[in-house]
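Now for the letters of each chain:
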Amino acid sequence: MKIEAMESKRKASEINPSKVMSEAEWLVARKDLLMREKELTRLRDEVSRHRRELPWVKIDKEYVFDGPDGRETLADLFAGRSQLIVYHFMLGPGWEEGCKSCSYLADHFDGADWHLPHRDVAFVVVSRAPLSQIEPFKKRMGWRFKWVSSHGNDFNFDYHVSATKDKQAKGKTYYNYKTQELMSEEMPGLSVFYKDENGDVLHTYSTYARGLDALVGTYNLLDLVPKGRDEDPDSTMSWVRHHDRY
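Keep in mind it's a predicted model, so treat the numbers as computed, not measured.

Peer 1: Would you take a moment to explain the layout of surface pockets for this structure?
Peer 2: The gaps left among the atoms become clear once a water-sized probe is rolled over them. Each pocket or cavity is described by its volume, and for the largest pocket that value is around 1,900 Å³. Along the walls of the largest pocket sit 46 residues, with Arg-44, Asp-213, Ala-214, Leu-215 and Asn-220 positioned nearest its centre. Among the elements of the structure, helix 2 (23-52), strand 4 (83-88), helix 4 (109-113), strand 5 (121-127), strand 9 (189-195), strand 10 (201-208) and helix 8 (217-222) are those that each provide at least two residues to the lining of the largest pocket. It is helix 2 that contributes the most residues to the lining of the largest pocket, 10 residues altogether. Surrounding the second largest pocket, 21 residues form its lining, Pro-188, Ala-209, Arg-210, Thr-236 and Met-237 being those nearest its centre. Here the lining of the second largest pocket gets three residues from one element, more than from any other, and that element is helix 3 (residues 100-106). Considered class by class, the residues forming the lining of the second largest pocket number 13 nonpolar, three polar and five charged.

In structure tokens, the structure reads:
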């Protein structure tokens, strides 16, 4: 059966939740999808190569964080490694708890963090809330990863994940590489840094919004099942809860 005919039959079967086919017909459709999956894999490899080829920016500003090991600079957070991943977690000063969507992502961090140090990578979560707010929430969630506070420095503002009072008043901020309507005083993101042999710290990459999807193993699993992510298109993460509230 030709692919075009299969496409027509699939569309006609949309009204039937089971979309039942013979095994032979299913195999034709599956091989067609396999070609697309391989194309996506090759494209992802190519995009990753371009990401590694991005130019870097030397960081001359000093940032000092408050963490479980005391006061640490950005260079200290590398913990003897040359590469550092920072997740910008939405937890602002005075918040009662961390963002539930960031918490959904953070539920995936500890598993990866067993392995990252063995590829010369340190992983740290940063929030603008004071450490006294961070630690009780981290304990509640049962997380193990390192989490430090940028309270009192400009780190969150410089990496465009926290809105200044002025931006909050204007209702607009620079986020995900464009000026847009302010969603919240805190926004999610991820930044990557490299420390060279001279001890200089360089910013290599940052990503925001849907760019963070790659961190969510649950989404990768949901994308495999018939209903997919099954989210409200107008509020995609409205179904997500802190894992102790499902």
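Peer 1: Which parts of the structure should I look at to understand helix 2?
Peer 2: For the α-helix, the turn length of 3.6 residues means that residues three or four positions removed from each other point alike. For helix 2, built from 30 residues, the straight-helix expectation of 44 Å at 1.5 Å per residue is met to within 8% by its first-to-last C-alpha distance of 42 Å. Within helix 2 the residues assigned to the buried category are Glu-25, Ala-29, Asp-32 and Ser-48.

Peer 1: Quick question: what am I supposed to make of the pattern of salt bridges here?
Peer 2: Two side chains that carry opposite charge are able to pair once their charged atoms sit near each other. As enumerated under the stated definition, the model contains 18 salt bridges in all. In this structure, the salt-bridge partner of Glu-185 is Arg-128, at a minimum N-O distance of 3.6 Å. Linking Glu-185 in the loop between strand 8 (178-181) and strand 9 with Arg-128 in the loop between strand 5 and helix 5 (131-141), this pair joins segments that are 57 residues apart in sequence. For Arg-210, the salt bridge is made with Asp-213, and the minimal N-O distance between the two is 2.8 Å. The class of Asp-213 is buried, set by a relative accessible area of 16%. Linked by salt bridges that have partners in common, Glu-97, Arg-140, Asp-244 and Arg-245 make up one network.

Peer 1: I keep staring at the nonpolar core and nothing clicks. Help me out?
Peer 2: The nonpolar side chains of soluble globular proteins are, as a tendency, buried together. Counting residues in each nonpolar core, the largest one holds 28 residues, and the members touching the most others are Tyr-87, Phe-89, Phe-109, Val-125, Trp-143, Phe-145 and Trp-147. Listing elements by their share of this core, those giving two or more residues are strand 4, helix 3, strand 5, helix 5 and strand 9. Those residues in contact with Trp-143 that sit more than four places away from it in its chain are Phe-89, Ser-103, Ala-106, Asp-107, Asp-110, Phe-137, Lys-138 and His-243. Listed in part, the 16 residues of the second largest apolar core include Ile-59, Leu-84, Ala-122 and Val-148.

Peer 1: What am I meant to see in the side chain of Ser-150 here?
Peer 2: Within the secondary structure, Ser-150 is located in the loop between strand 6 (146-149) and helix 6 (155-158). Here Ser-150 falls in the buried class, since its relative accessible area comes to 1%. Ignoring sequence-local partners within four residues, the contact set of Ser-150 consists of Phe-65, Val-126, Ser-127, Arg-128, Phe-155 and Asn-156.

Peer 1: Which parts of the structure should I look at to understand the pairing of strand 9?
Peer 2: Both faces of the sheet carry side chains from a regular strand, because those side chains alternate between them. In terms of burial, strand 9 is largely enclosed, as five of its seven residues are buried. Connecting strand 9 to the antiparallel partner strand 10 that follows it, the hairpin turn spans five residues, and Gly-199 within it adopts a positive phi of roughly 90 degrees.

Peer 1: Teacher, can you tell me more about the environment of Ser-82 here?
Peer 2: Tracing the backbone through its elements, the reader meets Ser-82 in the loop between strand 3 (70-73) and strand 4. For Ser-82, a relative accessible area of 14% corresponds to the buried category. Each C-alpha atom of the pair Ser-82 and Arg-119 lies 9.8 Å from the other, and the pair is 37 residues apart in sequence. Beyond its immediate stretch of four places on either side in the chain, Ser-82 contacts Asp-120, Phe-193, Tyr-194 and Lys-195. A polar contact is formed between the side chain of Ser-82 and the side chain of Asp-120, at a distance of 2.3 Å.

Peer 1: Explanation requested: helix 5 in the structure shown.
Peer 2: Buried within helix 5 are the following residues: Leu-131, Ile-134, Phe-137, Lys-138 and Met-141. Viewed along the axis of helix 5, the buried residues span an arc of 135 degrees, placing them on a single side of the element. Away from the buried face of helix 5 by more than 90 degrees, exposed residues Ser-132 and Lys-139 are located. Where helix 5 is buried, its residues touch strand 2 (64-67), helix 3, strand 5 and strand 6.

What counts as what
Residues numbered from 1 in each chain as written. Predicted model: local features only at pLDDT ≥ 70, side-chain atom pairs only at ≥ 80, totals over all residues. Heavy atoms only, no water. 1 Å grid on protein atoms, 1.4 Å probe; cavity = no way out; pocket = protein on both sides within 12 Å on 5 of 7 lines; lining within 4 Å. Points joined across faces, edges and corners; volume = space filled by probe spheres on them. Helix = DSSP H or I, 4+ residues; strand = E, 2+ residues; numbered from the N terminus. Nonpolar A, V, L, I, M, F, W, Y, C, P; charged D, E, K, R; others polar. Expected span 1.5 Å × (residues − 1). Buried < 20%, exposed > 50% of the residue type's maximum accessible area, 1.4 Å probe, protein only. Salt bridge = Lys/Arg side-chain N within 4 Å of Asp/Glu carboxyl O. Core = buried A, V, L, I, M, F, W, Y, C linked by side-chain atoms within 4.5 Å. Contact = heavy atoms within 4.5 Å. Pairing = 2+ DSSP bridges. Polar contact = N/O pair within 3.5 Å; in protein donor to acceptor, adjacent residues only side chain to side chain. Arc of directions from axis to C-beta.

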